[in-house]
Amino acid sequence: MKIVSFLFLVNKHKPWIETSYHGVITENNDTVILDPPLVALDKDAPVPYAGEICAFKIHGQEMPFEAVVLNKTSGEGRLRARSPIDCELQKEYTFIIQAYDCGAGPSGTNWKKSHKAVVHIQVKDVNEFAPTFKETSYKATVTEGKIYDSVLQVEAIDEDCSPQYSQICNYEIVTTDVPFAIDRNGNIRNTEKLSYDKQRQYEIMVTAFDCGQKRATEDVLVRVEVKPVCKPGWQDWNKRIEYKPGSGSIPLFPSIHLETCDGPVSSIQTTIQLQTNYIGKGCDRETYSEKSLQKLCGASSGAIDLLPTPSAATNWTAGLLIDSNDMIFKFEGKQGAKIPDGIVPKNLTDQFTITMWMKHGPSPGLRAEKETILCNSDKTEMNRHHYALYVHNCRLVFLLRKDFDQADTFRPAEFHWKLDQICDKEWHYYVVNVEFPVVTLYMDGTTYEPYLVTNDWPIHPSHIAMQLTVGACWQGGEVSKPRFAQFFHGSLASLTIRPGKIESQKVISCLQACKEGLDINSLESLGQGLKYHFNPSQSVLVIEGDDIVNINQALQKVSYINSRQFPTSGIRRLKVSSKVQCFGEDVCISIPDIDAYVMVFQAKEPKITISGMDHFARPAAQFEQERGVILLPDIRIYSECLISVRASPHLHKPVTLEEMHHNLDFCDILVIGAELDPTHECLELDRTELQGKHLDATNSTAGYSIYGVDTMRNYAQVLRQLRYRNWHTSSIFDRKFRIKCSELNGRYTSNEFNLEVSLV
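Residues numbered from 1 in each chain as written. Predicted model: local features only at pLDDT ≥ 70, side-chain atom pairs only at ≥ 80, totals over all residues. Heavy atoms only, no water.

- The protein has the name Calsyntenin-2 in an unreviewed UniProt entry, where Podarcis muralis is given as its organism.

Here it is, written out as structure tokens:
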């Protein structure tokens, strides 16, 4: 019994463990694999208790591990996690561990502990996180025509803790068929030169992979803007500008600005040209008859139209080539027209005016012949030219041979003008003001003195009749058979002659004025240091300055205006050219021209209507009175246009009528049937009714014509005063008349209003 008691009390040796351990634990797992394994030895073995291992204790602040004894006798233990281990929170743990034996007996007294061993544990990462991009999207801008090593760099991150799973090993472009590539570092480059004209922006999707080949949860959008190579020039302008009739003045380039690419610009001169030479007679002008237009402009009365619209009374133009829309006569070097006797007085006096529109090109052939516009020559026997207007070698010549009524001396006879416009194949307006011995030429409103005046002897008087012609000169003598000669090649319009008076500069400007042109809005708001200049027709504007901002603002205010109520529809071409000077530079930037156009839309067409009482009867005695009978006491003239309206689909072409206000340029009252017999009947109108209005009137046995540009209201007022007289009523029982009115020289005409008058 004494020996047994001794054995229970003996615990001679401390347990023994390794001095250090290295362990690995996979995150989210509880098992730690140690190297070497956790085993404690005690030299007191196989003595019970003293030679057995009862515990492993860990020393460290709140270590998430515990050590348990698996076998007391063998000393084998296990290290495990008390809670899930997250590598992303902590990758490594280091702590102290000691082994404890079971003491000297069952009570565990006199236990002994081993030396301290260091335990180092690494947490093994699990690839639980996918890559994410640092930015929600990326944007870069590149210049066209260049290959970039790197357009931009995208970057993704991974929250895993280990290099294997936290590092991004690869990037990939998901979008197909795009000219871009990406490397392992996220650098995006273009694989070909980009073109701004072809595509201005690319949108590509990019993804990322970590080194465990886990793909990003969301791809990222990359926008690549392509900007053009900086080219000096005007930017932000539209090639097509739309103009609706009645719009007034509209800006041509409201957002335009000049890109100089940082060139050292010191000054700029910009020319804006409105090209309208293919519209009508050089631009959009009023297309009223020459007679109505002269009345509108306040010209002196008495102008004689030498190229009128062909009619029964004016039949000498019937054989000429004519564009009836604009009353343009075309001469091809083989046409001429004889003006009947009595149309133009023989004595034009020392003051008279010739006006015309002319379009003429270089004369054909090596040796140019005279090309006659207007000629008054001997009808027979001789070949003397009394006065003439002709073109010779691109010079305009006016010939005036005075009669031998004073001293037999030399006098000015030929007046020559040399102008480029005479042969430029464009329309120009010419006025020859004769105030003998001075002759002045106005071309497009500008005065030109003759560069050469030659003298000649007066023409001796004779009894030979004279022949006035247009488009050629009549050769009545010195040939076997009288014929036309010196034919004109070109186009003429509105050829008139006004005996006894010359025209003022104001009237001349009005007669040739363009109704369309360039304009500048808010001149007072233009910047300092700007110079601008319009040509007379306002088809060319030149702006000069040294401040680009001011030049931009000025050009933004340049506008197109067309004051016609019914403008000629179609295209008006625009050209903007610029000259630039630079500071001390031999080579300066070049600004490309702008080619644009204004599209003028068709105006709403008016429907002119004449209404009123179309039949009445009066006692014969009333027709025989001094003032006769008023023909049109209740006549009304009004105009409407068709307006489309929205309607239900089952309605067909819904339209409504809208009243229009515009002018008229003539109203004719024609006699139907036999012409008036001036021996006992006539149409009459008090001339006082025309006063204060832009109206005039002519009378004949065929009827009455009121003309001039004036309102429908004024025309109706005058027509209501027109009277019919018949002082021999027994010879007739009724009369029929037809009234028809026009706007723009027949472009728009009214209905034919028929009136029947019965004599009771």
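Let's pick the thread back up.
Some remarks on the nonpolar core
Inference 1: Grouped together as the largest cluster of nonpolar side chains are 45 residues, with contacts concentrated most on Leu631, Ile637, Ile669 and Ile706.
Inference 2: Discounting chain neighbours no more than four positions away, the residues touching Ile706 are Asp665, Phe666, Cys667, Ile669, Leu695, Asp696, Ala697, Tyr715, Val718 and Leu719.
Inference 3: Ile304, Met356, Leu374 and Tyr430 belong to the second largest nonpolar core, which has 42 residues in total. (Core = buried A, V, L, I, M, F, W, Y, C linked by side-chain atoms within 4.5 Å. Buried < 20%, exposed > 50% of the residue type's maximum accessible area, 1.4 Å probe, protein only. Contact = heavy atoms within 4.5 Å.)

A word on the pairing of strand β24 (residues 328–332)
Inference 1: Two elements, strand β23 (residues 321–323) and β24, share three bridges in a ladder whose sense is antiparallel. Along β24, the bridge assignment pairs Leu321 with Lys330.
Inference 2: Across four bridges, the pairing between β24 and strand β38 (residues 489–499) is antiparallel. Bridge pairing links Lys330 to Ser491 in β38. (Pairing = 2+ DSSP bridges. Helix = DSSP H or I, 4+ residues; strand = E, 2+ residues; numbered from the N terminus.)

Some thoughts on the sheet that holds strand β6 (residues 92–101)
Inference 1: One open sheet holds the five strands; their spatial order is β2-β1-β7-β6-β3, and the pairing between them is mixed. Strand pairing shows two members of the sheet lacking a second neighbour, β2 (32–35) and β3 (53–59), which therefore form its edges. If you compare each strand with its neighbour and ignore which way they point, the axes differ by 30 degrees on average.
Inference 2: Bridge analysis of strand β1 (residues 20–26) against β2 gives four bridges, and the strand direction is antiparallel. Bridge pairing in β2 places Ile25 opposite Val32. (Axes fitted to C-alpha atoms, helices over the stretch in contact; angles between N-to-C directions.)

Observations concerning the sheet that holds strand β19 (residues 249–251)
Each strand in a sheet pairs with its neighbour through backbone hydrogen bonds, running either in the same direction (parallel) or in the opposite one (antiparallel).
Inference 1: On the basis of which strands lie adjacent, the open sheet formed by three strands has the order β19-β42-β39 and antiparallel pairing. Across the chains shown, the open sheet's two edge strands, defined by having one partner strand only, are β19 and β39 (516–520). Sheet twist, expressed as the mean angle between neighbouring strand axes with direction ignored, is 35 degrees.
Inference 2: Taken together, the five bridges between β39 and strand β42 (residues 558–562) define a ladder with antiparallel strand orientation. Residue pairing in the sheet places Glu516 in a bridge with Asn562 of β42.

Describing the side chain of Arg572
Inference 1: Summarising the element assignment, Arg572 is placed in strand β43 (residues 570–582).
Inference 2: One polar contact links Arg572 to Asp284, side chain to side chain, over a distance of 3.2 Å.
Inference 3: For Arg572, the side chain forms a polar contact with the side chain of Glu516, separated by 2.7 Å. (Polar contact = N/O pair within 3.5 Å; in protein donor to acceptor, adjacent residues only side chain to side chain.)

Some words on helix α5 (residues 548–556)
An α-helical turn contains 3.6 residues, so a residue and the one three or four places further along point in the same direction.
Inference 1: Of the positions making up α5, those classed as buried are Asn550, Ile551, Asn552, Ala554 and Leu555.
Inference 2: Summarising the contacts, the buried residues of α5 are in contact with β17 (233–235), β20 (257–259), β21 (265–275), β41 (540–545) and β42.

Details of the UniProt feature "domain: Cadherin" (unreviewed entry) in the protein
Inference 1: UniProt records the feature "domain: Cadherin" (unreviewed entry) at residues 17–133 and 134–253, using the numbering of this structure.
Inference 2: The span residues 17–133 is 0% helix and 44% strand, and its two end C-alpha atoms sit 49 Å from each other.
Inference 3: Counted over residues 134–253, helix gives 3% and strand 43%. Its end C-alpha atoms are 44 Å apart. (UniProt positions renumbered as here; feature names shortened; annotations may be inferred.)

Section: the packing of aromatic side chains
Inference 1: Enumeration according to the criterion identifies 17 aromatic pairs in this entry.
Inference 2: Seen in terms of ring centroids, Phe331 and Phe488 are 6.1 Å apart; in terms of plane orientation they differ by 75 degrees. Their pairing is edge-to-face. Here Phe331 is found in strand β24, whereas its partner Phe488 is found in the loop between β37 (483–485) and β38, with 157 residues between them in sequence. An identical accessibility class is assigned to Phe331 and Phe488; each is buried.
Inference 3: Of the aromatic side chains, those joined through ring pairs into one cluster are Phe352, Tyr387, Phe398 and Phe415. (Phe/Tyr/Trp six-rings, centres within 6.5 Å; stacked < 30°, edge-to-face > 60°.)

Details of the state of the cysteines
Inference 1: Here the structure, examined in full by the defined rule, presents 10 disulfides.
Inference 2: Note on cysteine connectivity: Cys230 is disulfide-linked to Cys261, with sulfurs 1.9 Å apart. One quick way to see it: the torsion about the S-S bond of Cys230 and Cys261 is about -110 degrees, and its sign makes the bridge left-handed. Here Cys261 lies in the loop between β20 and β21 and Cys230 lies in the loop between β16 (220–227) and β17, a separation of 31 residues in the sequence.
Inference 3: Assessed through its relative accessible area of 43%, Cys230 is described here as partly exposed.
Inference 4: Each sulfur in the disulfide pair Cys283 and Cys514 lies 1.9 Å from the other. Judged by the sign of its S-S torsion, about -105 degrees, the bond between Cys283 and Cys514 is left-handed. In this pair, Cys283 sits in the loop between β21 and α3 (290–296) while Cys514 sits in the loop between α4 (505–511) and β39, placing the two residues 231 residues apart along the sequence.
Inference 5: Residue classification places Cys283 among the buried residues on the basis of a relative accessible area of 3%.
Inference 6: Here Cys641 is not disulfide-linked; the sulfur of Cys741 is the nearest cysteine sulfur, at 19 Å.
Inference 7: By relative accessible area, which is 2% here, Cys641 ends up buried. (Disulfide = S-S within 2.5 Å.)

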